Amino acid sequence: MYEKLKNIIKKSDNIVFFGGAGVSTESNIPDFRSAKGIYVHSPEYLLSRSYFDSNTEEFYRFYKENLIFKDAKPNDAHYALAKLEKLGKLKAVITQNIDGLHQKAGSEKVYELHGSIIRNHCMNCREYHDLEYIMGYHEAVPRCRKCGGVVKPDVTLYEEMLDMDVFNGAIECISKADVLIVGGTSLVVYPAASLVDYYKGEKLVLINKGATSYDSKASMVIDARIGEVLKEVTREL
Ligand code: ZN
């Protein structure tokens, strides 16, 4: 099974992986858009910059309950990608996820399009704070250890611009890639689809449970769980 993909991987030393929420759900991190609970507002509004600015305490309540899973561990997909990078086959991971699990698995070149829960900065003096500081803080809104300013996660909120350095870096990797493997996303949400358009090669591999909007343009479509597929195709490398 998966012989064709195994061969593609075997022959290439310029693979780029682009992953969506499906990569994290296999680590039991649910999509926040399906957040359960009694909330007056939509998850998108609760995670917007205007909500952060106007209701910081409520923002953090929702954020900590629905976006932070401290015990989440990397899954087979994360480990397989880290292995491909160490073997010199994978140039970069581009992810829409904010959980930091790729780095936890050992990946080094990771473009986090929407930032990361791991990094947090004081809005006043830019002092760095880690996730433990945020979660262990004695009040709902974490304040800077240096100046007392409000600390904000380095996560791209709704209404905020993407980090253009990260975005442009991702575009560059994709446009130079020999193989592009896209996993765990149906490619309907911006900027996912637009990024795939930068790929110029002929080996676009889509791995997703369910159809994606790019199935007709791909050279290979695998309708299966991303962790299972990547584990299998990297087993003998
Ligand atoms: Zn500060």
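As the structure is a prediction and not an experimental result, all values here were calculated from the model.

Draft legend 1. Seen up close, the coordination of the zinc ion. At the metal site, the zinc ion is ligated by Cys122 (SG), Cys125 (SG), Cys144 (SG) and Cys147 (SG), and these contacts range over 2.3 to 2.4 Å. Considering all four donor atoms around the zinc ion, the spread of angles at the metal, 99 to 118°, places the coordination shape in the tetrahedral class. Counting along the primary sequence, the residues that act as donors to the zinc ion give the motif C-x2-C-x18-C-x2-C. Remark: Cys147 occurs in the loop between α8 (131-136) and β6 (151-155) and Cys125 occurs in the loop between β4 (115-122) and β5 (128-129); sequence separation between them is 22 residues.

Draft legend 2. Quick peek at the environment of Lys10. The topology assignment puts Lys10 in helix α1 (residues 3-11). Put simply, Lys10 and Glu236 are 226 residues apart on the chain and 9.9 Å apart in space, counted from C-alpha to C-alpha.

Draft legend 3. Inspection of α1 at higher detail. Every buried residue of α1 is listed here: Leu5, Lys6, Ile8 and Ile9. Across the axial projection of α1, the buried residues extend over an arc of 160°, all falling on one side. Every exposed residue of α1 that faces more than 90 degrees away from the buried side is listed here: Lys10 and Lys11. Check the buried side of α1 and you find it contacts β1 (15-19), α6 (76-86), β7 (179-183), β8 (203-207), β9 (220-222) and α11 (226-234).

Draft legend 4. View of the nonpolar core. Core analysis: the largest hydrophobic core is formed by 26 residues, its most contacted members being Phe18, Ile94, Leu180 and Leu195. For this core, the elements supplying multiple residues, two or more each, are β1, β2 (90-95), α9 (164-176), β7, α10 (192-196) and β8. The element that contributes the greatest number of residues to this core is α9, accounting for six residues. With near-sequence residues (within four places) excluded, Leu195 lies in contact with Phe18, Ile94, Leu113, Phe167, Ala170, Ile171 and Ile174.

Calculation notes
Residues numbered from 1 in each chain as written. Predicted model: local features only at pLDDT ≥ 70, side-chain atom pairs only at ≥ 80, totals over all residues. Heavy atoms only, no water. Donors = N, O, S within 2.8 Å, 3.2 Å for Na, K, Ca; no water. Tetrahedral: all angles 85-135°; square planar, octahedral: opposite > 155°, others 65-115°. Helix = DSSP H or I, 4+ residues; strand = E, 2+ residues; numbered from the N terminus. Buried < 20%, exposed > 50% of the residue type's maximum accessible area, 1.4 Å probe, protein only. Arc of directions from axis to C-beta. Contact = heavy atoms within 4.5 Å. Core = buried A, V, L, I, M, F, W, Y, C linked by side-chain atoms within 4.5 Å.

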